[in-house]
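Given next are the chains, with one letter for each unit.
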Amino acid sequence: MGLKRKNVRLRTFFIQYLLVLFAGFVLTVFVGIGLFSISLKTGFVLSVGDIETQIENQKAIILSADTVDARIIPKTCKYAVISPSGVFLSGNMTEKETAMAWRSIQNGSKISSSLLMSGINTKCYFPIERQNEICILEYTALSQFATESLRKHLPVPEVVFLFAVLAAFLTEIFLLSKLYGRRIGRKLLPLQNVTEKIQKKDLAFEIQYSGIKEIDAALLSLDSMKTELKRSLEKQWKIEQTRKIQISALAHDIKTPLTVVRGNAEMLHDTDQTEEQNEFTHYILKNTDQMEQYVQLLIDLSKAEAGYTLQLEVVNMRTFLKDLYMQINALASVKQLKVNFDEKDLPDTIKVDISLMQRAIINIVSNAVDYSPEHGVINFSVSAEQNKISFTITDNGKGFSPEDLKNAANQFYQGDSSRSSKSHYGMGLFITESIIKQHGGTLSITNSPVTGGGMVVIEI
């Protein structure tokens, strides 16, 4: 089967993602630079040149003032007034900052005209020589916000710009990752659908391709595997069906010679025999009974697997239960068990295959009898709700194990020897569930929270 459309490699898909990511980053940087430039032009942000211009404009006022105070200092600057020997006199700079500024000025070649930067602190100093004192103005070597509140609460604009670009880039990574994650998820969806269908043994489907070369190669392999698996399962199903037909035919064929054996053994049993001959005849009859049970079990298994032919009829509910109660009491009397019957909101009639439904219920009751201790109790309740009838059978034995709860209705499962019987060979609940399902009902197996024993609920 060929590919339905042109494929691209997975690496091309990721290269595209990286290119878009890089383009987005470049765009973010250019937008940031543009906004920063606009901020400078509109005066929202002051450059170093703007600050120096403010200082130059204020220099004459500072030189002619009687005293220097904060009112005549540019808002973007700090100041200190010192003596010619460097002794701090006044200002909003600390004495330590003033000493550092004075050392930087002294190291300069032209103190009166040069702007000196103090390295790591990125601070510049502008000295103004007054009569018998020097006024030092300190400002940052970076741009500043024109608004005082922004200068107080935010870093310098360059740092804000850097963090804004970083935040925008991280946001871009998140959004692009989400977008491309969804895209790659859609590309992987055909692969997920194929694996789910194969897991559910639904092999009647067509492969939908993703357009990614590596994924489509995997889909092609799965398509080939699906075809081979379908062919193998069909072959296995045909073999299994043939086997079931053969077993069913064999079981029916065996019944005839068994009937002959039983008839002759019964005739021998009625003749005059020695004690030893009578004992031999008894063995023949006993084992014939067992063989007939095995054959009947095989016939029942074949019917359960193939599906019973239901003969539904509307029957009086009271008549149906009366006959059922008689059979249950007969089973319980073998171990002298007490049976508690309970009825609630029952309809007048019920539409079922009488013999099959009674057989399904009796199978469960028979198991409950087997697993109950001598003189134990079995609770049998029938109730109706929202057009559904429930039959609940509870015993007071040791209950189902976790493995029993999972597998009890499977063919040939016998589980714990304390909750298994050689009379049904793991087929009782399997046959029961088959009958219930054909009636459109469900069978649930659990343990009673009251008695601790097994609890089986039939709902139809």
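For the structure itself, consult the block above.
Residues numbered from 1 in each chain as written. Predicted model: local features only at pLDDT ≥ 70, side-chain atom pairs only at ≥ 80, totals over all residues. Heavy atoms only, no water.

Visitor: So, the overall build of the protein: which residues are in play, and what are the values?
Guide: For the protein, the helix and strand inventory stands at 11 helices and 14 strands. Within the protein, buried positions represent 36% of all 460 residues. Considering only contacts in the protein between residues 6 or more positions apart, those separated by 24 or more positions represent 63%. Element-wise, carbon and sulfur atoms account for 57% of the exposed surface of the protein, whose accessible area totals about 27600 Å². (Helix = DSSP H or I, 4+ residues; strand = E, 2+ residues; numbered from the N terminus. Buried < 20%, exposed > 50% of the residue type's maximum accessible area, 1.4 Å probe, protein only. Contact = heavy atoms within 4.5 Å. Areas by Shrake-Rupley, 256 points an atom, 1.4 Å probe, with all protein chains shown as cover.)

Visitor: Can you tell me about the pattern of salt bridges, naming the residues and giving the values?
Guide: For the structure on display, the rule yields 9 salt bridges. For Glu 214, the salt bridge is made with Arg 9, and the minimal N-O distance between the two is 3.8 Å. Of the two residues, Glu 214 sits in helix H6 (residues 213-270) while Arg 9 sits in the segment before helix H1 (10-42), which places them 205 residues apart along the sequence. Among the residues examined, Arg 9 registers a relative accessible area of 37% and is labelled partly exposed. Residues participating in the shared-partner salt-bridge network are Lys 78, Glu 97, Lys 123 and Glu 138. (Salt bridge = Lys/Arg side-chain N within 4 Å of Asp/Glu carboxyl O.)

Visitor: Which residues make up the sheet that holds strand S13 (residues 442-447), and what values do they have?
Guide: One open sheet accounts for 5 strands, arranged S9-S11-S12-S14-S13; its pairing is mixed. Edge strands, defined here as strands with exactly one partner in the open sheet, are strand S9 (338-344) and S13. The sheet shows a mean angle of 15° between the axes of neighbouring strands, taken without regard to direction. Here strand S11 (residues 377-385) runs beside strand S12 (residues 388-394); their pairing, made up of 7 bridges, is antiparallel. Along S12, the bridge assignment pairs Glu 385 with Lys 388. Lying on the sheet, helix H8 (residues 317-333) is in contact with S9, S11 and S12; it crosses S9 at an angle near 165°. (Pairing = 2+ DSSP bridges. Axes fitted to C-alpha atoms, helices over the stretch in contact; angles between N-to-C directions.)

Visitor: So what's going on with a nonpolar patch on the surface? Which residues, and what values?
Guide: Together, Leu 27, Val 31, Leu 35 and Ile 38 line one region of the surface with nonpolar side chains, adding up to about 390 Å² of accessible area. Looking at the element boundaries, Leu 35 is found in helix H1. (Patch = residues over 30% accessible without salt bridge, like charges linked within 9 Å, V, L, I, M, F, W, Y side chains within 5 Å.)

Visitor: Go over the pairing of strand S6 (residues 133-140) with me, naming the residues and quoting the values.
Guide: The side chains of a regular strand alternate between the sheet's two faces. Most of S6 sits out of view: 8 of its 8 residues are buried. Burial along S6 is two-sided: Glu 133, Cys 135, Leu 137 and Tyr 139 and Ile 134, Ile 136, Glu 138 and Thr 140, pointing in opposite directions, are all buried. As paired elements, strand S2 (residues 78-82) and S6 share 5 bridges and run antiparallel to each other. Opposite Tyr 79, over in S6, you have Leu 137 as the bridge partner. Both strand S5 (residues 123-130) and S6 contribute to a ladder of 8 bridges, which runs antiparallel.

Visitor: Can you explain helix H3 (residues 95-106)? Please cite residues and give values.
Guide: Since the α-helix turns once every 3.6 residues, residues separated by three or four places project in the same direction. An ideal rise of 1.5 Å per residue puts 16 Å on 12 residues; H3 measures up with 16 Å between its terminal C-alpha atoms. Looking at H3, one finds that the buried residues are Glu 97, Thr 98, Ala 101, Trp 102, Ser 104 and Ile 105. The buried residues of H3 occupy an angular sector of 160° when projected down its axis, which confines them to one face. Set apart from the buried face of H3 by more than 90 degrees, the exposed residues are Glu 95 and Lys 96. (Expected span 1.5 Å × (residues − 1). Arc of directions from axis to C-beta.)

Visitor: Requested: an account of the packing of aromatic side chains, with residues and values cited.
Guide: Scanning the model with the defined rule gives 11 aromatic pairs in all. Ring centres 5.6 Å apart and planes at 70° place the aromatic pair Phe 13 and Tyr 180 in the edge-to-face group. Here Tyr 180 lies in helix H5 (residues 157-199) and Phe 13 lies in helix H1, a separation of 167 residues in the sequence. Here Phe 13 matches Tyr 180 in class, with each residue buried. (Phe/Tyr/Trp six-rings, centres within 6.5 Å; stacked < 30°, edge-to-face > 60°.)

Visitor: Run through the layout of surface pockets, naming residues and quoting values.
Guide: Over the atoms, a rolled probe matching the size of one water molecule traces out where space is still vacant. Estimated volume of the largest pocket: approximately 420 Å³. Lining the largest pocket we find 21 residues, and of these Thr 76, Lys 78, Thr 140, Gln 144 and Arg 151 sit closest to its centre. Contributing elements (two or more residues each) for the lining of the largest pocket: S6, strand S7 (144-145) and helix H4 (148-153). The class makeup of the residues in the lining of the largest pocket is 8 nonpolar, 5 polar and 8 charged. (1 Å grid on protein atoms, 1.4 Å probe; cavity = no way out; pocket = protein on both sides within 12 Å on 5 of 7 lines; lining within 4 Å. Points joined across faces, edges and corners; volume = space filled by probe spheres on them. Nonpolar A, V, L, I, M, F, W, Y, C, P; charged D, E, K, R; others polar.)

Visitor: Hey, could you go over the packing of H8 against helix H9 (residues 354-371) for me, with residue numbers and the actual values?
Guide: Two numbers describe a pair of packed helices, the interaxial angle and the distance between the axes. Here H8 crosses H9 at 30°, and the two axes come no closer than 10 Å. Classified by the interaxial angle, the pair formed by H8 and H9 is roughly parallel. Both H8 and H9 take part in a crossing whose hand is right-handed. Facing H8, whose interface residues are Phe 320, Asp 323, Leu 324, Gln 327, Ile 328, Leu 331 and Ala 332, H9 presents Ile 354, Met 357, Gln 358, Ile 361, Ile 362, Val 365, Ser 366 and Val 369. (Parallel < 35°, antiparallel > 145°, perpendicular 65-115°, else oblique. Left-handed = near helix turned anticlockwise from the far one by under 90°.)

Visitor: Describe the side chain of Glu 138, and please don't skip the residues or the numbers.
Guide: Within the fold, Glu 138 resides in strand S6. Judged by its relative accessible area of 6%, Glu 138 is buried. Non-local contacts of Glu 138, meaning those with residues more than four positions away in its chain, are made with Thr 76, Cys 77, Lys 78, Met 93, Glu 97, Lys 123, Cys 124 and Tyr 125.

Visitor: Outline the pairing of S11, supporting the account with residue identities and numerical values.
Guide: Two elements, S9 and S11, share 7 bridges in a ladder whose sense is parallel. Residue pairing across strands places Asn 340 opposite Asn 379, the latter belonging to S11.

Visitor: Go over the nonpolar core, please, and point to the residues and values.
Guide: Ranked by size, the top nonpolar core spans 38 residues in total, and within it Phe 320, Ile 361, Phe 380, Phe 391 and Ile 460 carry the most contacts. Of all the secondary structure elements, the ones that give two or more residues to this core are H8, strand S10 (349-352), H9, S11, S12, helix H11 (428-438), S13 and strand S14 (454-459). Sequence-distant contacts of Phe 320, that is, excluding residues within four places in its chain, are made with Val 315, Val 352, Ile 354, Met 357, Gln 358, Ile 361 and Phe 391. (Core = buried A, V, L, I, M, F, W, Y, C linked by side-chain atoms within 4.5 Å.)

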